[in-house]
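Here is how the chains run, residue by residue.
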Amino acid sequence: MLLVELDAFSADLVRPDSQAVLRMGSAHMECVATLVSRLDETVPEAEIRLQVEPSSTMLAHSLTHGRLDAALIGMSDDRDVPLGAQVMHRTLVPRVPVFVAVADTHPSACLPEIPLADVADDSWICPPGADDGSLVTLRSACRKAGFAPRIRFEVPSGGGRQLIRSGQAVQLVEPTSMGCPGLVVRPLADEPIRLRLVLAWRRERLTESQIDRIHQACAAAYTQHAMESPVFRPWWLAHPEVHPRAVRHG
């Protein structure tokens, strides 16, 4: 506990005009490499160090205790993740549907979207960041579809592809996720599970100009991958109301 408090205290002593490193956190998403490139371009005065963490609770905790300066956090649409009093935030994308990854041999893989009930008999990989409510959200959605999901596997984020490709498991994925040989990503019918993307930061660590530029970088990276996804792009284009808003500069 003492070490955590010292962590936060030392972070509080660093002023924005002396910062040479930007400690950025991000949910596990397809766009993280593009995000780093965009941040390098838009925040050239800082060295970008990225921590990818599937748990929004852990990202919020690291922000609260000063181990991160900013983070792009994915939150379940029906749940809030508490942020510390010194943490500011903006909603980057107010809602996007959560998709599902299945083997290309799955009976529903040929469908443009998969009803949740169609995967009722499958084994599931536990959603990453289960401590922040993603597992509760999955179980609630499945209960409304008439079944209880069989959570059989817990694997690191992105590490379950072999299980999915072999037909032994299915998994919820963020919508910019790309398929690969043996695995397809499909929307869930009627959007039973949704998330939102929130940019959060410690108020004393970054200037308003830096936050605007970080927001711009996050928006550009996510939009690029949304447009590059053949599965997600139609939904993205049909919902301009969720696209990141332009920010002021100066």
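A. The pairing of strand S9 (residues 183-187), seen in detail. Most of S9 sits out of view: five of its five residues are buried. Here S9 shows two buried faces, one formed by Leu183, Val185 and Pro187 and the other by Val184 and Arg186. When strand S5 (residues 99-103) meets S9, the two strands line up antiparallel, connected through five bridges. Residue pairing across strands places Phe99 opposite Pro187, the latter belonging to S9.

B. The packing of aromatic side chains, seen in detail. All told, the structure shown has five aromatic pairs when counted by the stated rule. Where Phe99 meets Phe232, the ring centres are 5.9 Å apart and the plane angle is 85 degrees; that geometry is what we call edge-to-face. Taken together, the residues span a long stretch of sequence, with Phe99 in strand S5 and Phe232 in the loop between helix H6 (208-228) and helix H7 (233-238) at a distance of 133 residues. By relative accessible area, which is 0% here, Phe232 ends up buried. Ring geometry for Phe232 and Trp235: centres 5.7 Å apart, planes at 15 degrees, overall stacked. Just as Phe232 is buried, Trp235 falls in that class too.

C. Region of interest: the environment of Glu45. Considering the arrangement of structural elements, one finds Glu45 in the loop between helix H2 (32-42) and strand S2 (47-52). Sequence-wise, Glu45 and Gln210 are 165 residues apart; in three dimensions their C-alpha atoms are separated by 9.7 Å.

D. Structural detail: the sheet that holds S9. Spatial strand order, S8-S5-S9: three strands in an open sheet with antiparallel pairing. Of all the strands in the sheet, just strand S8 (171-173) and S9 have a single pairing partner and so form its edges. When the angles between neighbouring strand axes are averaged without regard to direction, this sheet yields 40 degrees.

E. The arrangement of the side chain of Glu204 in detail. By the element assignment, Glu204 lies in the loop between strand S10 (194-202) and H6. Here Arg202 takes part through its side chain, which lies 2.8 Å from a polar atom of the side chain of Glu204.

F. Highlighting the environment of Gly146. Summarising the element assignment, Gly146 is placed in the loop between helix H4 (134-144) and strand S7 (150-153). Looking at Gly146, the relative accessible area reads 67%, which means it is exposed. Each C-alpha atom of the pair Gly146 and Ala117 lies 7.2 Å from the other, and the pair is 29 residues apart in sequence.

G. Region of interest: the packing of H2 against H6. Contact geometry for H2 and H6: axes closest at 9 Å, N-to-C directions at 145 degrees. At the point where H2 passes H6, the crossing takes the right-handed sense. Here H2 contributes Thr34, Leu35, Arg38, Leu39 and Thr42 to the contact with H6, which in turn contributes Arg213, Ile214, Gln216, Ala217, Cys218, Ala220, Ala221, Gln224 and His225. Classifying every residue of the contact of H2 with H6 by side-chain character gives seven nonpolar, five polar and two charged.

H. Representation of the pattern of salt bridges within the structure. Applying the stated criterion across every chain, the model contains ten salt bridges. The salt bridge involving Glu45 is made with Arg213; its shortest N-O contact spans 3.0 Å. Of this pair, Glu45 sits in the loop between H2 and S2 while Arg213 is found in helix H6, placing the two residues 168 residues apart along the sequence. Glu204 is paired through a salt bridge with Arg202; the nearest N and O atoms lie 2.8 Å apart. As far as the burial class goes, Glu204 and Arg202 line up, both buried. The network of salt bridges with common partners includes Arg23, Asp69 and Arg205.

I. Layout of H4. Taken together, the buried positions of H4 are occupied by Ser134, Leu135, Thr137, Leu138, Ser140, Ala141 and Cys142. Buried residues in H4 make contact with strand S3 (70-76), strand S6 (123-125), S7 and S8. Count one or two residues on from H4 and you reach Gly146, which has phi positive near 100 degrees.

J. The arrangement of the nonpolar core in detail. Counting 62 residues, the largest nonpolar core has Trp124, Ile214, Tyr222 and Trp236 as the members making the most contacts within it. When residues of this core are assigned to their parent elements, the largest contribution, eight residues, is made by H6. Counting residues in each nonpolar core, the second largest holds eleven residues, with Leu63, Leu68, Ala71 and Met75 among its members.

Cut-offs applied
Residues numbered from 1 in each chain as written. Predicted model: local features only at pLDDT ≥ 70, side-chain atom pairs only at ≥ 80, totals over all residues. Heavy atoms only, no water. Buried < 20%, exposed > 50% of the residue type's maximum accessible area, 1.4 Å probe, protein only. Helix = DSSP H or I, 4+ residues; strand = E, 2+ residues; numbered from the N terminus. Pairing = 2+ DSSP bridges. Phe/Tyr/Trp six-rings, centres within 6.5 Å; stacked < 30°, edge-to-face > 60°. Axes fitted to C-alpha atoms, helices over the stretch in contact; angles between N-to-C directions. Polar contact = N/O pair within 3.5 Å; in protein donor to acceptor, adjacent residues only side chain to side chain. Left-handed = near helix turned anticlockwise from the far one by under 90°. Contact = heavy atoms within 4.5 Å. Nonpolar A, V, L, I, M, F, W, Y, C, P; charged D, E, K, R; others polar. Salt bridge = Lys/Arg side-chain N within 4 Å of Asp/Glu carboxyl O. Core = buried A, V, L, I, M, F, W, Y, C linked by side-chain atoms within 4.5 Å.

These figures capture arrangement, not role.
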